[in-house]
Amino acid sequence: MCGIVGYTGARQASEVILDALEHLEYRGYDSSGIAIHEADGIHVEKARGRLQVLRERTDNGAKLPGNVGIGHTRWATHGEPSDRNAHPHASAGSRVVIVHNGIIENYLPLQEFLAAQGYTFHSQTDSEVVANLIDYHYHGDPVEAVRAALVQIKGSYALGVLFTDHPDLIVAARKNSPLVIGLGEGENYIASDIPAFLKYTRRIVRLRELDVAVVRANGLEIYDPFGNPVPYTEEHVEWDVSAAEKGGYEHFMLKEIYEQPRAIRDTISPRVVEGKIELGLQSLDEARIRSLKQIYITACGSSYHVGMVGRVFMERLLHIPVRVELASEFRYENPLVDADTLVLVISQSGETADTLAALREAKRLGAYTIGIVNVVGSAIATEADEVLYTWAGPEIAVATTKAYNTQLSVLYLMTMSLARMLGRMEDTTYAEYLQQLAQLPDLCEKLLQDTSHIQYLASLCFAKDDIFFIGRNLDYALALEGSLKLKEISYIHSESYAAGELKHGTISLIQPGSLVIALCTQKRLLERMISDIRTVKARGAMVIALAEENTPFIQDVADHVITLPAHADFVAPSLSVIPLQLFAYYVAALKGCDIDKPRNLAKSVTVE
Ligand code: M6R
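A. Structural detail: helix α5 (residues 142–152). Three or more residues of α5 are buried, namely Pro142, Val143, Ala145, Val146, Arg147, Ala149 and Leu150. Packed against the buried residues of α5 are α4 (128–137), β7 (157–163), β8 (166–175), β12 (212–216) and β13 (219–223). Sitting at the head of α5, Asp141 places a side-chain oxygen 3.0 Å from the backbone nitrogen of Val143.

B. Region of the structure containing the domain arrangement of the protein. Domain assignment breaks the protein into domain 1 (3–238), domain 2 (252–445) and domain 3 (452–591). A straight line from the C-alpha centre of domain 2 to that of domain 3 covers 26 Å. Listed per partner, the contact involves 27 residues of domain 2 and 27 residues of domain 3. With both chains or domains summed, domain 2 and domain 3 bury close to 2400 Å², and 72% of this area falls on carbon and sulfur atoms. Considering only the side of domain 2, the residues that lose the most area to domain 3 are Met253, His305 and Leu443, jointly responsible for 21% of the buried surface there. One can count zero salt bridges joining domain 2 with domain 3. Counting the contacts that link domain 2 with domain 3 gives seven residue pairs in polar contact (both at pLDDT 80 or more). Of all the elements in the fold, those that place two or more residues in the side of domain 2 that touches domain 3 are α7 (252–258), α10 (301–318), α14 (402–421) and α15 (427–449).

C. Just the sheet that holds strand β21 (residues 386–389), in detail. With respect to topology, five strands assemble into an open sheet ordered β18-β17-β19-β20-β21, the strand pairing being parallel. Pairing within the sheet leaves two strands with one partner each, and these edge strands are β18 (322–326) and β21. Strand after strand, the sheet turns through a mean of 20 degrees between neighbouring axes, direction not considered. Against the sheet, helix α12 (residues 353–364) makes contact with β17 (294–299), β19 (341–347) and β20 (368–373), and its axis sits at roughly 165 degrees relative to β19, the strand it touches most. Packed onto the sheet, α14 meets β19, β20 and β21 and runs at close to 160 degrees relative to β19.

D. The packing of aromatic side chains, seen in detail. Under the definition given, this model contains 13 aromatic pairs. Three or more aromatic residues joined by ring pairs make a cluster, and in this case those are Tyr7, Tyr189, Phe197 and Tyr200. Here Arg288 stacks its cationic end above the ring of Tyr368, 3.8 Å away from the centre of that ring. One residue, Arg599, lies across the ring of Tyr491, its end atom 3.8 Å from the ring centre.

E. Examining the nonpolar core more closely. Counting residues in each nonpolar core, the largest one holds 120 residues, and the members touching the most others are Ile295, Leu342, Leu344, Ile370, Met416, Leu437 and Phe583. Not counting residues within four places of it along the chain, the set of residues in contact with Leu437 comprises Ile268, Tyr412, Leu413, Met416, Phe570 and Val571. One finds Tyr107, Ile134, Tyr157 and Ala173 within the second-largest nonpolar core, a separate group that totals 29 residues.

F. Inspection of the pairing of strand β9 (residues 180–183) at higher detail. Of the two faces of β9, the one lined by Val180 and Gly182 and the one lined by Ile181 and Leu183 are each fully buried. In terms of strand pairing, β9 meets strand β10 (residues 188–191) through four bridges, oriented antiparallel. Each bridged residue has a counterpart across the sheet, and for Leu183 the counterpart in β10 is Asn188.

G. Highlighting the pairing of β12. Of all five residues in β12, four are buried; the element is thus mostly enclosed. Relative to β12, β8 runs antiparallel, the two being bridged by five bridges. Looking across to β12, one finds that Ala173 is bridged to Val212. Relative to β13, β12 is paired through five bridges, and the arrangement is antiparallel.

H. Expanded view of the site of the ligand. Neighbouring the ligand are 14 residues; Ser303, Ser347, Gln348, Thr352 and Glu488 lie closest to it. The separation between an oxygen atom of the ligand and a polar side-chain atom of Ser347 is 2.6 Å. Summarising the interface, the protein chains cover 91% of the accessible area of the ligand, which totals 410 Å² for the free molecule. The set of elements that each furnish at least two residues to the shell around the ligand consists of α10 and α17 (474–490). Partitioned by chemical class, the residues of the shell around the ligand number four nonpolar, eight polar and two charged. When residues of the shell around the ligand are sorted by domain, at least three fall in each of domain 2 (252–445) and domain 3 (452–591).

I. How the structure looks around the sheet that holds β7. In space, the six strands of this open sheet follow the order β5-β6-β7-β8-β12-β13, with antiparallel pairing throughout. If you trace the sheet from one side to the other, it starts and ends with β5 (89–90) and β13, each paired once. As defined by bridge partners, strand β6 (residues 96–101) adjoins β7 across six bridges and the pair is classed as antiparallel. Note that in β7 the partner of His100 across the bridge is Leu159. In the packing of α4 onto the sheet, contacts are made with β5, β6 and β7, and the angle to β6 comes to roughly 140 degrees. Contacting β7, β8, β12 and β13, α5 crosses the sheet at an angle of about 145 degrees to β7.

J. Main features of the side chain of Thr451. Position of Thr451 relative to the elements: it lies in the loop between α15 and α16 (452–461). A polar atom in the side chain of Thr451 sits 3.4 Å from the side chain of Tyr586. Not counting residues within four places of it along the chain, the set of residues in contact with Thr451 comprises Tyr258, Leu582 and Tyr586.

K. Geometry of unusual backbone geometry. For the bond from His87 to Pro88, the omega torsion is 0 degrees, close enough to zero to count as cis. Within the fold, Pro88 resides in the loop between β4 (68–74) and β5. A positive phi angle is found at Leu210, which is not glycine, with a value near 75 degrees. Along the chain, the position of Leu210 falls in the loop between β11 (203–206) and β12. Residue class for Leu210 comes out partly exposed when judged on its relative accessible area of 40%. Backbone geometry at His319 places phi at a positive 60 degrees, although glycine is not the residue there. Tracing the chain through its elements places His319 in the loop between α10 and β18. Of the residues examined, His319 reaches a relative accessible area of 58% and is grouped as exposed.

Cut-offs and rules
- Residues numbered from 1 in each chain as written.
- Predicted model: local features only at pLDDT ≥ 70, side-chain atom pairs only at ≥ 80, totals over all residues.
- Heavy atoms only, no water.
- Buried < 20%, exposed > 50% of the residue type's maximum accessible area, 1.4 Å probe, protein only.
- Helix = DSSP H or I, 4+ residues; strand = E, 2+ residues; numbered from the N terminus.
- Contact = heavy atoms within 4.5 Å.
- Polar contact = N/O pair within 3.5 Å; in protein donor to acceptor, adjacent residues only side chain to side chain.
- Domains from an automatic or database assignment.
- Buried area = accessible area lost by both parts, 1.4 Å probe.
- Salt bridge = Lys/Arg side-chain N within 4 Å of Asp/Glu carboxyl O.
- Pairing = 2+ DSSP bridges.
- Axes fitted to C-alpha atoms, helices over the stretch in contact; angles between N-to-C directions.
- Phe/Tyr/Trp six-rings, centres within 6.5 Å; stacked < 30°, edge-to-face > 60°.
- Lys NZ or Arg CZ within 6 Å of the ring centre and 35° of its normal.
- Core = buried A, V, L, I, M, F, W, Y, C linked by side-chain atoms within 4.5 Å.
- Near = heavy atom within 4 Å.
- Areas by Shrake-Rupley, 256 points an atom, 1.4 Å probe, with all protein chains shown as cover.
- Nonpolar A, V, L, I, M, F, W, Y, C, P; charged D, E, K, R; others polar.

Quick look at the structure:
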């Protein structure tokens, strides 16, 4: 999400920067901008929309002839996509100009602090505080100013900073957001990703977390967080551009699967402030929550599966009836929705036509609506009464992975927050759940460390014609998602069943050699699932079970077991979907499918 570039050298910086930004387009963006040192100060141009608009505004860069500058493609998070919110952002007085990628979690208190010092703000972004904070700390030394500002910032950032007083340099810094430096002959670069400058140089330096770099045409200095100069190591890039744009992964889907720990962290951590969930929903107060008679969740595809998981949690913790409806069916159901109904609308793209239509219908019926959306400023985000964004970043592969998991994270937070307001969650349980949520990204990372067993299982299964997924309760929702993921990218026919339904018809499909993936992530249902596994095995099925490590008996009944690291029940759905995503991915890869763009499917389904 967002792309940063910077150039200093003998060429016209704007031309290099516009070209470099084009190589970062794959990251997704809705606006762009550029800032160049000119003889009379730093000039900034910004534009909503495609890079072409910025090209037109700057006459392909010709209007900005300077040799030092920074550029940005923005994926809106705080504030709608607009010229005003696009980067670069200048400090009040324009001594400092910045581009930023990441999320400044404490931007509101910082903004308050800076406003009290007389600073003014012109955008709705979290990033603008960075320009003003650096300006506040600036007394002639750029590195000191950036270091001092970073000490006060909570969150993630990759930064490129220009100082009017220092027209020969760019200051760069990063924390939990990528930034690389490119070394040329008499010219140097910064960028969020290597392909931005790969055409100009293959010599790179990876900036370490929290270090601050000073990049000049003829030199690079790097300082640690204490201001001490540190040595750096130069690397040579061997990849070609197309591989690098996927960060070295063969497909966007795999890259996005691996981004899940980061995406979950970004979605959860800014919303937990001093041990308390803060959703920032202005109109969802205690009176409204107490008046709720029911909750509806509506969505399509994987987002609908998230809703199914959400329903179980919400009913358990809130004791309010929750219905989950496919958005494509919602309108035809004559839904019993009124002013005492909360309708949650879940969508990665925020543009799915059926989901948007369901939202409009819910509003027409007088319901209070909340969108859980990934794309900022999208139709659903704009039209819902309130929106909770999932900070997954742009998802490019058609098969959703990281967006799914961040939607779940938002539902957990929302459920806990409502349960708390209704007085239905004890302090200790609340604190315990928050702790489990905080540990979730690390557990996902652990799971992703070794995928060799899943790859092996995919090699045993990729030639199958049919694959069945079975599970109960939350694992039934998981079965639907695992099966959808597999069929959409591998084109293998797949069915998902509530395991208890086997005996009501499905069992007739099971024959020697059938592959059944049995989801056994809920301890309280283990005995039942073991008996379901025995039932299909008795008909000759091969069974792969998914269960937490050290689950009793499972190794004895299943042919193969995919194990999950030990975890609390609460977070099981977020963790257990990952092996199913990987299984689908490796099966499709072995079949040579077009994984990121499966046939007949679109990322945003904008037709009903
Ligand atoms: O953008 P949305 O979340 O509204 O999209 C809904 C579905 O189209 C989407 O989840 C689809 O099922 C995915 N391709 C599944 O991987």
